[in-house]
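Spelled out from the first residue to the last, the chains are:
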Amino acid sequence: MKRRILLITLLVALLPVFVYANPDRRHSPEVLKERIITLRNWELMNALDLKGKRAERVFSILKRFDEERERLILKRRELMERLKEAIDSKRISSERVEGLINEILHTHIAFAELRKKEMDALAEVLTPEEQARYLVFSERFSHQIKRFLEKKRRFPERQND
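The text that follows walks through the structure, step by step, so that each part is easy to find.

Conventions adopted
Residues numbered from 1 in each chain as written. Predicted model: local features only at pLDDT ≥ 70, side-chain atom pairs only at ≥ 80, totals over all residues. Heavy atoms only, no water. Helix = DSSP H or I, 4+ residues; strand = E, 2+ residues; numbered from the N terminus. Buried < 20%, exposed > 50% of the residue type's maximum accessible area, 1.4 Å probe, protein only. Contact = heavy atoms within 4.5 Å. Areas by Shrake-Rupley, 256 points an atom, 1.4 Å probe, with all protein chains shown as cover. Salt bridge = Lys/Arg side-chain N within 4 Å of Asp/Glu carboxyl O. Axes fitted to C-alpha atoms, helices over the stretch in contact; angles between N-to-C directions. Parallel < 35°, antiparallel > 145°, perpendicular 65-115°, else oblique. Left-handed = near helix turned anticlockwise from the far one by under 90°. Nonpolar A, V, L, I, M, F, W, Y, C, P; charged D, E, K, R; others polar. Phe/Tyr/Trp six-rings, centres within 6.5 Å; stacked < 30°, edge-to-face > 60°. Core = buried A, V, L, I, M, F, W, Y, C linked by side-chain atoms within 4.5 Å.

## A word on the overall build of the chain
In terms of regular secondary structure, the chain is built from five helices and zero strands. Taken from N to C terminus, the helices and strands of the chain fall in the order α-α-α-α-α. Buried positions account for 32% of the 161 residues belonging to the chain. Long-range pairs, those at least 24 residues apart, make up 64% of the contacts in the chain between residues at least 6 apart in sequence. Accessible surface for the chain amounts to roughly 11100 Å². Of this, 57% is attributable to carbon and sulfur atoms.

Right, here's the structure in full:
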């Protein structure tokens, strides 16, 4: 457990080095995404003790779902912005607000369905215990990355932290 906490702390501390190692590309969302996925995969290898072909199979499965997850995240963000604008403007019809709410709810359902498909695919490679550890890992990793990115958004002058 101590090793895992130390590893996570080290990885979160080193993420800025990964992200900002190349000043010409530090603001590129694609580079950031690629480095986060690399960090996730490396940390997941350690968390689940994945090696060789088995690790390749797990990463291949995750890659299949990463693109769809990103699409849903962007869609949800756009819908929430449109809903906020609708609330603020007070010029939008109740029907349109209801439509946005329904689209947001459908996006949440799509997220759940995507997670189910991902877990079904991982079940071909991982034991039930490893699947459970993956779920815990993915929640924790997601929260760590969100906190890190939010911190960078709030304090852009601290880019070299």
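## Re the pattern of salt bridges
Tallied over the entire structure, the rule returns 15 salt bridges. A salt bridge links Arg71 to Glu68, with the nearest nitrogen and oxygen atoms 2.6 Å apart. With Arg71 and Glu68 both in helix H3 (residues 52–89) and three residues apart, the pair spans about one turn of that helix. Owing to a relative accessible area of 42%, Arg71 belongs among the partly exposed residues under this scheme. Taking the shortest distance from any N to any O, the salt bridge between Glu118 and Arg69 comes out at 2.7 Å.

## Focus on the packing of helix H2 (residues 29–48) against H3
Two elements in contact, H2 and H3, have axes separated by 11 Å at closest approach and are oriented at 140°. Between H2 and H3, the angle is such that the two are oblique. Read as a crossing pair, H2 and H3 show a hand that is right-handed. Packed against H2, whose contacting residues are Lys33, Ile37, Arg40, Asn41, Leu44 and Met45, the element H3 presents Ala55, Val58, Phe59, Leu62, Asp66 and Glu70 at the interface. The residue makeup of the contact of H2 with H3, split by class, is seven nonpolar, one polar and four charged.

## A short note on the packing of aromatic side chains
Each pair of aromatic rings is reported with the distance of its centres and the angle of its planes. On inspection of all chains with the given rule, the structure shows one aromatic pair. Geometrically, the ring pair formed by Phe137 and Phe141 is stacked, given 5.6 Å between the ring centres and 15° between the ring planes. With Phe137 and Phe141 both in helix H5 (residues 128–154), this residue pair falls four residues apart, about one helical turn. Look at Phe137 and you get buried, because its relative accessible area is 2%. Note on Phe141: relative accessible area 7%, which makes it buried.

## A look at the side chain of Gln131
Structurally, Gln131 can be placed in helix H5. Not counting the four nearest positions on each side in its chain, Gln131 is found in contact with Met119, Ala123 and Leu126.

## Considerations on the nonpolar core
Formed by 24 residues in total, the largest nonpolar core has its most connected members in Leu44, Leu50, Val58, Leu62, Leu122, Leu126 and Tyr134. Elements that contribute at least two residues to this core include exactly H2, H3, helix H4 (94–122) and H5. Ranked by residue count, the leading element in this core is H3, at seven residues. What Leu50 contacts, discounting residues up to four positions off in sequence, is Leu44, Met45, Ala55, Val58 and Leu126.

## Considering unusual backbone geometry
Peptide bonds are, in most cases, trans, and in most cases residues other than glycine have a negative phi. For Asp49, which is not glycine, the phi torsion reads 55° and is therefore positive. In this fold, Asp49 is placed in the loop between H2 and H3.

## Describing the side chain of Arg40
Topologically, Arg40 is positioned in helix H2. Classification of Arg40 by relative accessible area gives buried; the value is 10%. Setting aside residues no more than four positions away along its own chain, Arg40 makes contact with Leu62, Asp66, Phe137 and Phe141.

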